[in-house]
Amino acid sequence: MLKWISVLLMLGVAQMVFASEVPVTIAGPVPAVPSTVYPGFSQTSIFTVTNNVPKVLPFSLSSASGSVVLTRLGVANDCGNQLPRGPATCNIGIEIAAPYGQASGAVVDDLYMDYQGRAPLVGNISFTILPVLSITGGSPLALFNGQAGALSVMNVSSSVVAHNVTAVFTGTALQGNATVTSNSCAPNLAPGHSCLITITAGNGNVAATNFNVEGTNTEAEVASMSVTTLTVGEPYEGGIVGCSTASGNPITLIAATSDIAPTSNELPWSPTDILLGATSYTNGQSNTNIITAYYGLTAGYAAGACATYQVDSAGNTPCVNGNTCYDTWYLPSIDELQCIGGNYAAIGGFDPTAEYYWSSTEINASAAAAYDFNNPGTPYVGSKTSTTNVRCVSQPAAQ
């Protein structure tokens, strides 16, 4: 009798100990679920399950909503469909994924691990799928000092607006040598829409360097850009590098190697006196477009002669088939003309007897601004129908 009483007492104590223990404990996940992910993201996180009791326990895994982003995977020491007799541990692998077709936004799911019908709530798994950007054009950018180029960016998200998308140069060799000068991506870029980020190169010389394009709620997309310094007096693209900075228009200018019309055949600014609106002091290309739109693309006047000028990589004028043709010349504005005038000797080919050279900057219906390279200083105002020398310029093309 005493023996049976002893056995019963021992069983009672064991049951009390069993009842006081937490039968199953769960730790993890490792690594932790990130708070934000992007379409295409995938990660396997491991939960460690500990059976604290000396009993094999049936085991199952489920999620509250059956979300497609949670999938059980086989891992080392996998728990399978039952927990081994304790004390023992095993692992559960959960793949957390955001497929490319998944809509951006919040994803929330509750994961349950069920042992012996007790279904302890492991926890809430939540993250936000952020918009994904795509650089659809412009990268890599190859700019010269002062030159601007544009990146085309698209928000490929199906449902979430991207905020404050811009180019970020911090911590790269482009910091201080590249500036965002206009940005249609900010403050908001709607799903499925595109925008442009215009970047202007500084005065440095930077090899091709990666930088990020990102928003405050987006992933970072990688673009690339280089900045090249051209030396004044250096032959380039059918001409001579004429200046690296024009007043109010920081851009490298290429000067033609010679005057478009020699002294014996000087050209008028225009055939007639009429106010056209070509008044920019800094943008000769714009002025030339306005003038030629009225008078046409003929070589009988200054702006028309520049707009129709061609030279190829072998020095032929006009261009010969098979050679690279440079045909984007224009009549410089007065500020651009003064900029190349400061490098008169390095460029060469100017007429030492010329009274002045025409700019494309219009003063009034009968007068336009000109510049005397032999006596630099205050621009000269000349009658539009009078004739004088012309030196065309172009802007270097991005490579």
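Preceding this section is the structure that the text describes.
What follows is about the nonpolar core. The biggest cluster of nonpolar side chains holds 28 residues, and the ones touching the most others in it are Tyr236, Trp269, Ile291, Trp329, Leu331, Trp358 and Val390. Those elements that provide at least two residues to this core are β22 (253-256), α2 (284-295), α3 (302-307) and β27 (367-371). When residues of this core are assigned to their parent elements, the largest contribution, four residues, is made by α3. Contacts of leucine 331, omitting those with residues within four sequence positions, involve Trp269, Gly284, Thr288, Ala302, Ala303, Cys306, Trp358, Ser359, Ser360 and Val390. Judged by nonpolar contacts, the second largest core, of 24 residues, contains Leu133, Phe169, Ile199 and Ala201.

A separate point is the packing of aromatic side chains. Applying the stated rule across the entire model yields 13 aromatic pairs. Among the aromatic side chains, those forming a connected cluster through ring pairs are Tyr344, Phe350, Tyr357, Tyr371 and Phe373.

Here the focus is unusual backbone geometry. Residue proline 29 follows glycine 28 across a cis peptide bond; omega there is 5°. Residue position: proline 29 is located in strand β1 (residues 24-30). Serine 139 connects to proline 140 through a cis peptide bond whose omega is 0°. In this structure, asparagine 164 is a non-glycine residue whose phi angle is positive, near 55°. Position of asparagine 164 relative to the elements: it lies in the loop between β13 (162-163) and β14 (166-168). On the accessibility criterion, asparagine 164 (38% relative accessible area) is partly exposed. Of note in this structure, glutamate 237 is not a glycine but carries a positive phi near 45°. In this structure, glutamate 237 sits in the loop between β20 (235-236) and β21 (239-243).

Let us look at the side chain of serine 45. Here serine 45 shows up in strand β3 (residues 41-51). When its relative accessible area of 0% is taken as the criterion, serine 45 is described as buried. Engagement of the side chain of serine 45 in a polar contact is seen with the backbone oxygen of proline 31, the distance being 2.8 Å. Setting aside residues up to four positions removed in sequence, serine 45 forms contacts with Pro29, Val30, Pro31, Ile92, Gly93, Ile94 and Ile96.

Summed over the entire model, instances satisfying the criterion amount to five disulfides. One disulfide in the model links cysteine 79 with cysteine 90; its S-S distance is 1.9 Å. Of note, the bridge from cysteine 79 to cysteine 90 carries an S-S torsion of about 100° and is right-handed in sense. One end of the pair, cysteine 79, is in the loop between β5 (70-73) and β6 (82-83); the other, cysteine 90, is in strand β7 (residues 88-98), with eleven residues separating them in the sequence. Here cysteine 79 falls in the buried class, since its relative accessible area comes to 5%. Judged by its relative accessible area of 2%, cysteine 90 falls in the buried class. The partner cysteine of cysteine 243 in its disulfide is cysteine 339, sulfur to sulfur 2.3 Å. Taking the torsion about the sulfur-sulfur bond, which here is approximately 125°, the covalent link between cysteine 243 and cysteine 339 counts as right-handed. Of this pair, cysteine 243 sits in strand β21 while cysteine 339 sits in helix α4 (residues 334-341); the two residues are 96 residues apart in sequence, bridging distant segments of the chain. A single burial state applies to cysteine 243 and to cysteine 339, both of which are buried. Disulfide connectivity for the protein, with bonded cysteines indexed by sequence position, reads 1-2, 3-4, 5-9, 6-10, 7-8.

The next subject is the environment of threonine 36. Of note, threonine 36 is situated in strand β2 (residues 36-37). Separated by 71 residues in sequence, threonine 36 and valine 107 place their C-alpha atoms 9.8 Å apart. Once residues lying within four places of it in the same chain are set aside, the contact partners of threonine 36 are Thr128 and Leu130.

What follows is about the sheet that holds strand β30 (residues 393-394). Taken in spatial order, the four strands make up an open sheet running β20-β21-β22-β30, and their pairing is antiparallel. Either end of the sheet is taken by a strand with one partner, and the two such strands are β20 and β30. Pairing of β20 with β21 involves two bridges; the strand directions are antiparallel. Its bridge partner being in β21, tyrosine 236 is matched across the sheet by glycine 239. Seen against the sheet, α4 touches β21, β22 and β30 and runs at an angle of roughly 100° to β21.

Thresholds, definitions, all that
Residues numbered from 1 in each chain as written. Predicted model: local features only at pLDDT ≥ 70, side-chain atom pairs only at ≥ 80, totals over all residues. Heavy atoms only, no water. Core = buried A, V, L, I, M, F, W, Y, C linked by side-chain atoms within 4.5 Å. Buried < 20%, exposed > 50% of the residue type's maximum accessible area, 1.4 Å probe, protein only. Helix = DSSP H or I, 4+ residues; strand = E, 2+ residues; numbered from the N terminus. Contact = heavy atoms within 4.5 Å. Phe/Tyr/Trp six-rings, centres within 6.5 Å; stacked < 30°, edge-to-face > 60°. Polar contact = N/O pair within 3.5 Å; in protein donor to acceptor, adjacent residues only side chain to side chain. Disulfide = S-S within 2.5 Å. Pairing = 2+ DSSP bridges. Axes fitted to C-alpha atoms, helices over the stretch in contact; angles between N-to-C directions.

All quantities given are derived from atomic positions and should not be read as evidence of function.
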